[in-house]
Amino acid sequence: MRSSYKEDDVTLLLKDITGLVKPQPAKERERLIQSGKHYSEMLPEEYVPTKEYMEAYKEALRVYAGATAQAVGKLADKVIDARGRDVVLVSLARAGIPVGILLKRYIKFKYHADVCHYSISIIRGRGIDGNAMKYLLKNHAPERLLFVDGWIGKGAILNELKKDAAAYEGVSPEIAVLADPAGVTELCGTHEDILIPSSCLNCTVSGLVSRTFLRDDIIGEEDFHGAAFYGELLEADLSYEFIEAIEREFTFVSEVRDVRVEGSGIDEVREIAEKFGIADINFIKPGIGEATRVLLRRVPWKVLIDERHKGKRELEHLVRLAEEKNVPIEYYPLRHYKCCGIIKKLADA
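The rules we used
- Residues numbered from 1 in each chain as written.
- Predicted model: local features only at pLDDT ≥ 70, side-chain atom pairs only at ≥ 80, totals over all residues.
- Heavy atoms only, no water.
- Buried < 20%, exposed > 50% of the residue type's maximum accessible area, 1.4 Å probe, protein only.
- Helix = DSSP H or I, 4+ residues; strand = E, 2+ residues; numbered from the N terminus.
- Arc of directions from axis to C-beta.
- Contact = heavy atoms within 4.5 Å.
- Pairing = 2+ DSSP bridges.
- Axes fitted to C-alpha atoms, helices over the stretch in contact; angles between N-to-C directions.
- Salt bridge = Lys/Arg side-chain N within 4 Å of Asp/Glu carboxyl O.

Once that is clear, we can look at helix α5 (residues 156-165). Residues spaced three or four apart along an α-helix point in a common direction, a consequence of the helix completing one turn every 3.6 residues. Of the residues making up α5, those classed as buried are L158, E160, L161, D164 and A165. For α5, the arc enclosing every buried residue in end-on projection is 155°, short of the 170-degree limit, so these residues lie on one face. Of the surrounding secondary structure, the elements contacted by the buried residues of α5 are β3 (88-92), β5 (122-123), β6 (127-128), β7 (145-151) and β8 (175-179).

Let us now look at unusual backbone geometry. Residue R94 is bonded to the preceding A93 through a cis peptide linkage, with omega at 5°. Along the chain, R94 turns up in the loop between β3 and α3 (96-111). Backbone geometry places L208, a non-glycine residue, at a positive phi of 60°. Relative to the helices and strands, L208 resides in the loop between β9 (188-190) and β10 (226-227). Owing to a relative accessible area of 0%, L208 belongs among the buried residues under this scheme.

The next thing to look at is the side chain of K338. On the secondary structure map, K338 appears in the loop between β13 (329-332) and β14 (339-343). Classification of K338 by relative accessible area gives buried; the value is 6%. Apart from the residues lying within four places of it in its own chain, the contact partners of K338 are E192, D193, I194, I288, L304, I305, D306, H309, E314 and L315.

Here I218 lies in the loop between β9 and β10. Given a relative accessible area of 14%, I218 falls into the buried group.

An order of β1-β4-β3-β7-β8-β9 is seen for the six strands of this open sheet, with the pairing classed as parallel. Each of the sheet's edge strands pairs with one partner strand only, and the pair in question is β1 (11-12) and β9. As defined by bridge partners, β8 adjoins β9 across two bridges and the pair is classed as parallel. Residue pairing in the sheet places V177 in a bridge with C188 of β9. Most of the contacts of helix α2 (residues 51-83) go to β8, to which it runs at about 160°, and overall it touches β7, β8 and β9.

Let us now look at helix α8 (residues 288-297). Of all 10 residues that make up α8, nine are buried, and the element is covered over most of its length. By the burial criterion, the buried members of α8 are I288, G289, A291, T292, R293, V294, L295, L296 and R297.

Here we take up the sheet that holds β13. Pairing is mixed in the open sheet, where four strands are placed in the order β11-β14-β12-β13. On the outer flanks of this sheet lie β11 (284-286) and β13, each paired with one strand and no other. Taken over all neighbouring pairs, the strand axes of this sheet differ in orientation by 20° on average, direction set aside. Note: β11 against β14, three bridges, orientation antiparallel.

Considering all chains together, one arrives at 27 salt bridges under this definition. The shortest N-O distance in the salt bridge between E55 and K51 comes to 3.1 Å. Remark: K51 and E55 occur in helix α2; sequence separation between them is four residues, near one turn of the helix. On the basis of relative accessibility, which here comes to 60%, the residue K51 falls in the exposed class. A salt bridge links E160 to K163, with the shortest nitrogen-to-oxygen separation between them at 3.0 Å. Placement of both E160 and K163 in helix α5 is noted, with a separation of three residues, approximately one turn of the helix. Judged by relative accessible area, which is 6%, E160 ranks as buried. When its relative accessible area of 54% is taken as the criterion, K163 is described as exposed. The network of salt bridges with shared partners includes D9, R105 and E247.

Structure representation (structure tokens):
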């Protein structure tokens, strides 16, 4: 699989489907998804955001690189304590890849251990890539594998992992993430809904790799799940600018202010669904990372921002994106999250 990442940072267990699938605009994909087509059977169009949005991203990276690095350090300490120095990081493509690289680099920085890092695909409703798992288990003991992702919103992927990992004896469904505002894992850098700057962009901060793809006419029985390489965006690639900005902020001691909210994020999501008449909770995307992704690649109905965080710098990129896409913002009392995106129900789906 081609990417703009270095081979010693990550091994991508993905099939390169570049040129085999035509990317589709957000509105077209949204109509098809809401008509019943699975999101993994299509690829989104990717683009370079506006100059104004990129300025908001650069500011977010400058201001929040330190907090992100502290969360990486805290998570790495927990990983080494729990799994030891022979852990094998298995990041979930694609939001998990930058976090996996940062974890690998921090472990080398502090613990002088060069751990293996792979990335594989897991797709909500379709499961984990069985061929990628076979490859990993052929090369590594099952108890060494540790799944890594960027953040947890509702916990849907964690539930998918719990179901799928049961088929592989000795493989833990545990997941390591930088931020877990949903309150479902202890293996996190923080339970606060922090801004992880890589959530602000799509492939241009993820090695120019698309989100993962699974369709029978393209992905054979022996193939890994697929992904495309957006080589045409090479000049806009910021993947290593992001990695190196966080890496420069690494410290040996990570002091993370970790405030855990009582209850679980999923309960709050259900309350939001009831309040706004949303029948399918998959239409609700809570947390900074998820809300940003909704604005970047879906058709949002509105964005909720917690009243206490009105005007805060870490949500500036989100407000900018909502304004550009004419998505209304509503200030609303949230407990676990600083913001939440809600997808529009398309009447003509």
